[in-house]
Amino acid sequence: MNDKLDIIESVNRLYEAALNRGILKRTPLFWQDYENTYSELRKLEASYPAIRSECLELLRMREHIKDIRNLFGKYTAGGIHTIEWKSYLLKMGSFVKENCRRCPQTAEALAKIPSAYLAFFSILYPHQYITPHFGYYKGFLRYHLGVIIPDNNANNSCWLRINGDREDNARRDTSSICRGEKYFWHEGEGVVFDDTLLHDASNESDNIRVVLFVDIRRPMPPYLDRLHQSFLWAALRHPYLKRARENATVAFSPAEGK
């Protein structure tokens, strides 16, 4: 696993150099007018009522859904994954067929997004705080669709905060998150952001918050995209990811849905 992380860091340095030279474009901190680049995300949002309905059915049996800290074994055994935070995995490279069977319309909508690599319902319990951290891979951007947001965030109690300052991020100082800007989720609304920037998040409400979490390929010139595709081809064949998909399969009881 350490070798894999070393490779990711090497690829990330290449992408960062491309960003600094303007070869890759930096996206807005909270990017919401992305339809010219990711028109398929607007189509996903059109399926929001069905996605929300299927998510509500899943939440009726949420005790069977995996905690994020258990999803990837030792890799997520501590840190940000120790809180009450569940993940219903739909896709990691390939679709998790058993999980998708319970939310077919969500899976169908996701299947129309060719740039999507990872997708899951991120279920954050009340009064939980995701501590400041950095994402792992610059070849992706992250998309959130607000699915179930308590009171549709009337009190701004559910938020994502990002510090986009380059110097703060270069220092890797998580205390600088206090200088970040906040985004407040709303139901049916999407946002794209660079999760490799320092960020944290919170659900300060009394109810569960759910977003549909999707990692999508970052727009890049063909030669860098070929590197990205080669990297993913190798990563998807790593036994670690196979185990992660197996760990993520949710076995509900025979009485599910009753």
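Residues numbered from 1 in each chain as written. Predicted model: local features only at pLDDT ≥ 70, side-chain atom pairs only at ≥ 80, totals over all residues. Heavy atoms only, no water.

Concerning the pairing of strand E5 (residues 140-148)
Part 1: Across the nine residues of E5, nine count as buried, placing the element largely inside the fold.
Part 2: Two elements, E5 and strand E10 (residues 209-217), share eight bridges in a ladder whose sense is antiparallel. Bridging across to E10, Arg142 finds its partner in Asp215.
Part 3: Here E5 runs beside strand E8 (residues 190-193); their pairing, made up of four bridges, is antiparallel. Note that in E8 the partner of Tyr143 across the bridge is Val192. (Buried < 20%, exposed > 50% of the residue type's maximum accessible area, 1.4 Å probe, protein only. Helix = DSSP H or I, 4+ residues; strand = E, 2+ residues; numbered from the N terminus. Pairing = 2+ DSSP bridges.)

Considering unusual backbone geometry
Part 1: For Asn153, which is not glycine, the phi torsion reads 65 degrees and is therefore positive.
Part 2: Within the secondary structure, Asn153 is located in the loop between E5 and strand E6 (158-163).
Part 3: Residue Asn153 is classed as buried on the basis of its relative accessible area, which comes to 2%.

Some words on the pattern of salt bridges
Part 1: Counting across every chain of the model gives 16 salt bridges.
Part 2: Across the pair Arg26 and Glu16 runs a salt bridge whose closest N-O atoms are separated by 3.2 Å. You can see Arg26 sitting in the loop between helix H1 (2-20) and helix H2 (39-46) and its partner Glu16 sitting in helix H1, a full 10 residues away along the chain.
Part 3: A relative accessible area of 24% means that Glu16 is categorised as partly exposed.
Part 4: Asp225 serves as the salt-bridge partner of Arg217, at 3.2 Å between the closest nitrogen and oxygen.
Part 5: Residue class for Arg217 comes out partly exposed when judged on its relative accessible area of 25%.
Part 6: The class for Asp225 is partly exposed, based on a relative accessible area of 21%. (Salt bridge = Lys/Arg side-chain N within 4 Å of Asp/Glu carboxyl O.)

Description of the packing of aromatic side chains
Part 1: Applying the stated rule across the entire model yields 10 aromatic pairs.
Part 2: Each ring, one from Tyr137 and one from Phe140, has its centre 5.1 Å from the other, and the planes form 85 degrees; the classification is edge-to-face.
Part 3: Each member of the aromatic cluster is reached from another via a ring pair, and the members are Tyr15, Tyr117, Tyr137, Phe140 and Phe231.
Part 4: Lying across the ring of Trp159, Lys182 places its NZ or CZ 4.0 Å from the centre.
Part 5: For Arg209, the ring lying beneath its charged end belongs to Trp185, and the centroid distance is 4.7 Å. (Phe/Tyr/Trp six-rings, centres within 6.5 Å; stacked < 30°, edge-to-face > 60°. Lys NZ or Arg CZ within 6 Å of the ring centre and 35° of its normal.)

Concerning the side chain of Ser115
Part 1: Turning to its location among the elements, Ser115 is positioned in the loop between helix H6 (104-111) and strand E3 (116-124).
Part 2: The class of Ser115 is buried, set by a relative accessible area of 8%.
Part 3: Those residues within four positions of Ser115 in sequence are excluded, and the remaining contacts are Tyr38, Glu40, Asp215, Ile216 and Arg217. (Contact = heavy atoms within 4.5 Å.)

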